[in-house]
Amino acid sequence: MEVTIKEAAEKIKSARHIIIAPHVNPDCDGLGSTLGLYHALTKSGHDVKIFVDDEIPEAYHFLPGWEIFKKPDEKIKDVDLLIVLDAEPERVGRVTTIADAPILNFDHHRSNTRTADFLYLEPQRAATGEIMYELLKTLDIQFDLNMAVCIYTAIATDCGFFKYSNTTAYTMRIAGELLDIGVRPNLISEALDQKKYDDIKILAAVINSLELYNDGTVAVIGADKNIVDNCTSTEGFVDIARIVEGVDVAVLVKYAGDELTRISMRSKNTDVATIAEALGGGGHVRAAGCTLKLPFAVARQKIITAIINEMAEK
Ligand SMILES: [Mn+2]
């Protein structure tokens, strides 16, 4: 059932032992929102544990408290509330199996499956980080620097550092307030922008894979097995396709196994959430993705066809 932010805050107030978890394949919105809420609730006297059923990319180790995350390996007793952030409960891996507690879900993805016991869903928000800001205000919690850094990072990364169309005046007002608390945006950008030497060298192969379709409106980058094996992160690859002049839809096709391929899409006009949802994935109108149980080359062709068909309908 859907709840208001006030009702969500009441659920949290009346819970003592709380678990918080972001989705698997975690990004900075999921991790930053989880850590921001962790710092806030710990400070206000709750007993909070945070879990992520995945590895945390090294690039995100600047987030204060990242090392507190545990893997969901054993049952946790006496949990009052399980808070799931930035995705539906199906996407937190084994975390939902380690505790018997009602699930309170905060998300901004239109594709949320609405299976949580209590859901606060706001697709107008640029990031779950914005919802966390709203929640902490509702809970009347004073921001400290750790909370501010985590929530700023969550928001900034999901709106492309205030460049994407989901950036609103509200987004920037929150960011401004977090800067007043002491967040230094240059330090966060520098931490996230820096790449390993090998990851820069592999960009030559990534750029070489760039191809255009549909009169230059669809740009496809292919991170095949060779590329994936020789880099530590594919973060930012899709942006290379996104900035090509005349491109509406940018796609990253990424090898994830011989019969498994991950697709990430960004767009300027086309609704890529609809395309992703039709293939079992999800996301936002301008940024969405899916995983196909197909070999790399087959998946690549399938997504190109799906995008061109969707664009033809408009
Ligand atoms: Mn998000």
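Just so it is clear, the model here is predicted, and its values are computed rather than measured. (Residues numbered from 1 in each chain as written. Predicted model: local features only at pLDDT ≥ 70, side-chain atom pairs only at ≥ 80, totals over all residues. Heavy atoms only, no water.)

A. The arrangement of the packing of aromatic side chains in detail. Tallied over the full model, the rule gives four aromatic pairs. A ring pair is formed by Y152 and F162, whose centres lie 6.0 Å apart and whose planes are at 50°; its orientation type is tilted. Of this pair, Y152 sits in helix α4 (residues 145-158) while F162 sits in the loop between α4 and α5 (169-181), placing them ten residues apart in sequence. Of the residues examined, Y152 reaches a relative accessible area of 5% and is grouped as buried. Taken together, Y133, F143 and Y170 form an aromatic cluster joined through their ring pairs. (Phe/Tyr/Trp six-rings, centres within 6.5 Å; stacked < 30°, edge-to-face > 60°. Helix = DSSP H or I, 4+ residues; strand = E, 2+ residues; numbered from the N terminus. Buried < 20%, exposed > 50% of the residue type's maximum accessible area, 1.4 Å probe, protein only.)

B. Region of the structure containing unusual backbone geometry. Look at N25: it is not a glycine, yet its phi comes out positive at around 55°. With a phi angle near 55°, D78 is a residue other than glycine that sits in the positive phi range. Position of D78 among the secondary structure elements: in the loop between β2 (47-50) and β3 (81-85).

C. Representation of the coordination of the manganese ion. Coordination sphere of the manganese ion, protein contribution only: D29 (OD), D86 (OD), H108 (NE2) and D158 (OD), at 2.1 to 2.3 Å. Read in sequence order, the donor residues coordinating the manganese ion give the pattern D-x56-D-x21-H-x49-D. Residue H108 is located in the loop between β4 (103-107) and β5 (118-121), and its partner D158 is located in helix α4; the two are separated by 50 residues in the primary sequence. Its relative accessible area of 1% is what places H108 among the buried residues. Taking the relative accessible area as the measure of exposure, D158 reaches 18% and is therefore buried. (Donors = N, O, S within 2.8 Å, 3.2 Å for Na, K, Ca; no water.)

D. View of the pairing of strand β1 (residues 17-22). Of all six residues that make up β1, five are buried, and the element is covered over most of its length. In this sheet, β2 lies alongside β1 in parallel orientation, the contact comprising four bridges. Across the sheet, H17 pairs through a bridge with D47, a residue of β2. After leaving β1, the chain enters helix α2 (residues 28-43) and then returns to the sheet as β2, a path that is right-handed. Summarising the sheet, β1 and β3 pair through five bridges and their orientation is parallel. Looking across to β3, one finds that I18 is bridged to L81. (Pairing = 2+ DSSP bridges. Right-handed = clockwise from strand over helix to strand, strands pointing away.)

E. Here's a closer look at the pattern of salt bridges. Enumeration according to the criterion identifies 16 salt bridges in this entry. Ionic pairing is found between R114 and E2, a salt bridge with its closest N-O pair at 2.4 Å. Residue R114 is located in the loop between β4 and β5, and its partner E2 is located in the segment before α1 (5-13); the two are separated by 112 residues in the primary sequence. Look at R114 and you get partly exposed, because its relative accessible area is 49%. Judged by relative accessible area, E2 falls into the partly exposed class, the value being 45%. As a salt-bridge pair, K225 and D229 come within 2.8 Å of each other at their nearest N and O atoms. Taken as a pair, K225 and D229 lie in helix α9 (residues 225-229) at a separation of four residues, close to a single helical turn. Classification of D229 as partly exposed rests on a relative accessible area of 49%. Look at the salt bridges and you will find they share partners, linking D53, D73 and R94 into a network. (Salt bridge = Lys/Arg side-chain N within 4 Å of Asp/Glu carboxyl O.)

F. Seen up close, the environment of V92. Examined against the element boundaries, V92 turns out to sit in the loop between β3 and β4. Excluding its chain neighbours within four sequence positions, the residues that come into contact with V92 are A21, P22, H23, V24, D53 and V84. (Contact = heavy atoms within 4.5 Å.)

G. The arrangement of the sheet that holds β5 in detail. The five strands are arranged β2-β1-β3-β4-β5 in an open sheet whose pairing can be described as parallel. Single-partner strands in this sheet number two, and they are β2 and β5. Each neighbouring strand pair of the sheet contributes to a mean axis angle of 20°, computed without reference to strand direction. Across four bridges, β4 lies against β5 in parallel orientation. Bridge pairing links F106 to Y120 in β5. Relative to the sheet, α1 contacts β1, β3, β4 and β5, its axis offset from that of β4 by approximately 140°. Set on the sheet, α2 makes contact with β1, β2 and β3; between it and β1 the angle comes to about 165°. (Axes fitted to C-alpha atoms, helices over the stretch in contact; angles between N-to-C directions.)

H. Just the domain arrangement of the protein chain, in detail. With domains assigned, the protein chain is organised as domain 1 (5-193) and domain 2 (197-313). A separation of 27 Å is found between the C-alpha centroids of domain 1 and domain 2. Contacts between the two partners involve seven residues from domain 1 and, on the opposite side, twelve residues from domain 2. Both sides of the domain 1 and domain 2 interface together cover about 720 Å² of buried area, and 38% of this is carbon and sulfur. The three residues of domain 1 that bury the most area against domain 2 are R110, S111 and Y164, which together make up 61% of that side's buried surface. On inspection of domain 1 and its partner domain 2, the count reaches four residue pairs in polar contact (both at pLDDT 80 or more). Per-class residue counts for the side of domain 1 that touches domain 2 are two nonpolar, four polar and one charged. (Domains from an automatic or database assignment. Buried area = accessible area lost by both parts, 1.4 Å probe. Polar contact = N/O pair within 3.5 Å; in protein donor to acceptor, adjacent residues only side chain to side chain. Nonpolar A, V, L, I, M, F, W, Y, C, P; charged D, E, K, R; others polar.)

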